[in-house]
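Below are the chains, spelled out letter by letter.
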Amino acid sequence: AAPPPARALTGAARAAELRAEVAALAASLTERGTTPRLAVLVATEDESTAWYVRSIARAATKTGIVCDTVTLPPTASPDRIAELLAELSADPAVHGVILQTPLPPGAVAAELAAAIAPDKDVDGANPLSLGRLAAGRPAFAPATAAAVVELLDAHGIELLGRTVAVVGRSTVVGKPLAHLLLDRDATVTVCHSRTADLAAATRHADIVVAAAGRPGLITAAHIGEGAVVVDVGTNPTPEGGLTGDVDAESVAPKAGALSPVPGGVGPITTALLLRHTVRAAERAAGAATGPEPGAGPGLT
Ligand code: NAD
């Protein structure tokens, strides 16, 4: 008999719960005189970026967070971008600061993000945030990396003692995710473009996370029978849609669970950006209760 198709690790339900939690916290903060505010700096005319930023702004507004899209021309100098990030970081009315990519030629995100104050670095872009994460200190993790763990938790997938292969070593996804998984007592292998035999590194893993930005990279040959597969890839298709890094057609019949693109990690990512912003606002208001952001498992 054909194996049952992989369970779909969808993100919408958990994202809705997170947004409801955020809305309640935002309302309570606003009542006490602090309206949570997120600033997104954009220096590109790229259409898909504009679409993504509008979706963040819409989600923020719906949960009671004010979202300012701060726009610079695509010709802006790195110095001007850093200066504006520093200004936003110094503004007591702003609680979260995001530097949206892509950036103008010559501007390096990881360099410029150093100008974002760590306590407002809600997308974990400042290299200090990654360092703190690696050292097990309180920090905001990049929302996408945190969303992978949140998605697995939402579907009751155990991490403790299990093997996870992460495909991708970027500072935005792969590296911070490896640290979050280590904090959860998983055994982590990080693969990348120079990994000699990718399938050998992934096919014995209990969980495979694809974050390479290569459509169709992960096929049935890369995964073991019944493995959990999380697809972080968001690759534009010629038809104007999105496709992941996983060849779902070959992987779904073999995997135990597979996250869809779109509809898996993505919705949770946006919800976590909002949660981080409310946490930052709570801390700024001196109203923080409970653990510090990113202080350990599941807290980012
Ligand atoms: P990146 O280009 O910075 O990094 C890609 C990583 O994949 C690199 O470390 C590279 O070594 C590795 N890689 C590339 N080709 C490979 C191969 N053939 N085999 C093994 N490893 C390979 O990309 P990124 O910013 O980390 O993003 C990764 C993917 O995640 C992209 O599709 C991106 O669009 C998506 N993404 C999604 C969200 C979301 O909210 N869902 C957020 C950020 C990024």
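Residues numbered from 1 in each chain as written. Predicted model: local features only at pLDDT ≥ 70, side-chain atom pairs only at ≥ 80, totals over all residues.

1. Details of the UniProt feature "domain: Tetrahydrofolate dehydrogenase/cyclohydrolase NAD(P)-binding" (unreviewed entry) in the protein chain
Then, number 1: Cross-referencing UniProt, the feature "domain: Tetrahydrofolate dehydrogenase/cyclohydrolase NAD(P)-binding" (unreviewed entry) maps to residues 142-284 in the present numbering.
Then, number 2: As annotated, residues 142-284 has a helix share of 36% and a strand share of 17%, and its two end C-alpha atoms lie 20 Å apart. (UniProt positions renumbered as here; feature names shortened; annotations may be inferred. Helix = DSSP H or I, 4+ residues; strand = E, 2+ residues; numbered from the N terminus.)

2. Structural notes on the site of the ligand
Then, number 1: Close to the ligand lie 25 residues, the nearest being Ser 170, His 192, Ser 193, Ala 212 and Gly 213.
Then, number 2: Of the residues in the shell around the ligand, the class split is 10 nonpolar, 13 polar and two charged. (Near = placed C-beta within 6 Å. Nonpolar A, V, L, I, M, F, W, Y, C, P; charged D, E, K, R; others polar.)

3. Quick word on the UniProt feature "binding site: NADP(+)" (unreviewed entry) in the protein chain
Then, number 1: Mapped onto this numbering, the UniProt entry annotates "binding site: NADP(+)" (unreviewed entry) at Gly 168, Arg 169, Ser 170 and Thr 234.
Then, number 2: Structurally, the position occupied by Gly 168 is in the loop between β5 (163-167) and α7 (174-183).
Then, number 3: Residue class for Gly 168 comes out buried when judged on the 24 C-beta atoms lying within 10 Å of it.
Then, number 4: The residues contacting Gly 168, other than those within four sequence positions of it, are Val 173, Gly 174, His 192, Ala 211 and Ala 212.
Then, number 5: Here Ser 170 shows up in the loop between β5 and α7.
Then, number 6: Using a count of 17 C-beta atoms within 10 Å as the deciding quantity, one classes Ser 170 as partly exposed. (Buried ≥ 20, exposed ≤ 12 C-beta atoms within 10 Å, placed from the backbone. Contact = placed C-beta atoms within 7 Å.)

4. A few points about the sheet that holds strand β3 (residues 66-71)
The strands making up a sheet associate through backbone hydrogen bonding, with each pair oriented either parallel or antiparallel.
Then, number 1: Spatially, the three strands line up as an open sheet ordered β3-β2-β4, and their pairing is parallel. Sheet topology places β3 and β4 (96-99) at the edges, where each strand pairs with a single neighbour. Put simply, the sheet's adjacent strands are angled 20 degrees from each other on average, direction ignored.
Then, number 2: Note that strand β2 (residues 37-42) and β3 share six bridges and pair parallel. In the sheet register, Leu 38 faces β3, and the bridge partner there is Cys 67.
Then, number 3: Against the sheet, helix α2 (residues 47-62) contacts β2 and β3, and its axis sits at roughly 155 degrees relative to β3. (Pairing = 2+ DSSP bridges. Axes fitted to C-alpha atoms, helices over the stretch in contact; angles between N-to-C directions.)

5. Some details on unusual backbone geometry
Then, number 1: Between Thr 101 and the following residue, Pro 102, the backbone shows a cis peptide bond with an omega angle of 0 degrees.
Then, number 2: The residue Pro 102 is located in the loop between β4 and α4 (109-112) in this model.
Then, number 3: Of note, the bond from Val 261 into Pro 262 is cis; its omega dihedral lies within 30 degrees of zero at -5 degrees.
Then, number 4: Mapped onto the elements, Pro 262 comes out in the loop between β11 (257-258) and α10 (265-284).
Then, number 5: Phi is positive for Asp 185, close to 65 degrees, though the residue is something other than glycine.
Then, number 6: Here Asp 185 is to be found in the loop between α7 and β6 (187-191).
Then, number 7: Note on Asp 185: 12 C-beta atoms within 10 Å, which makes it exposed.

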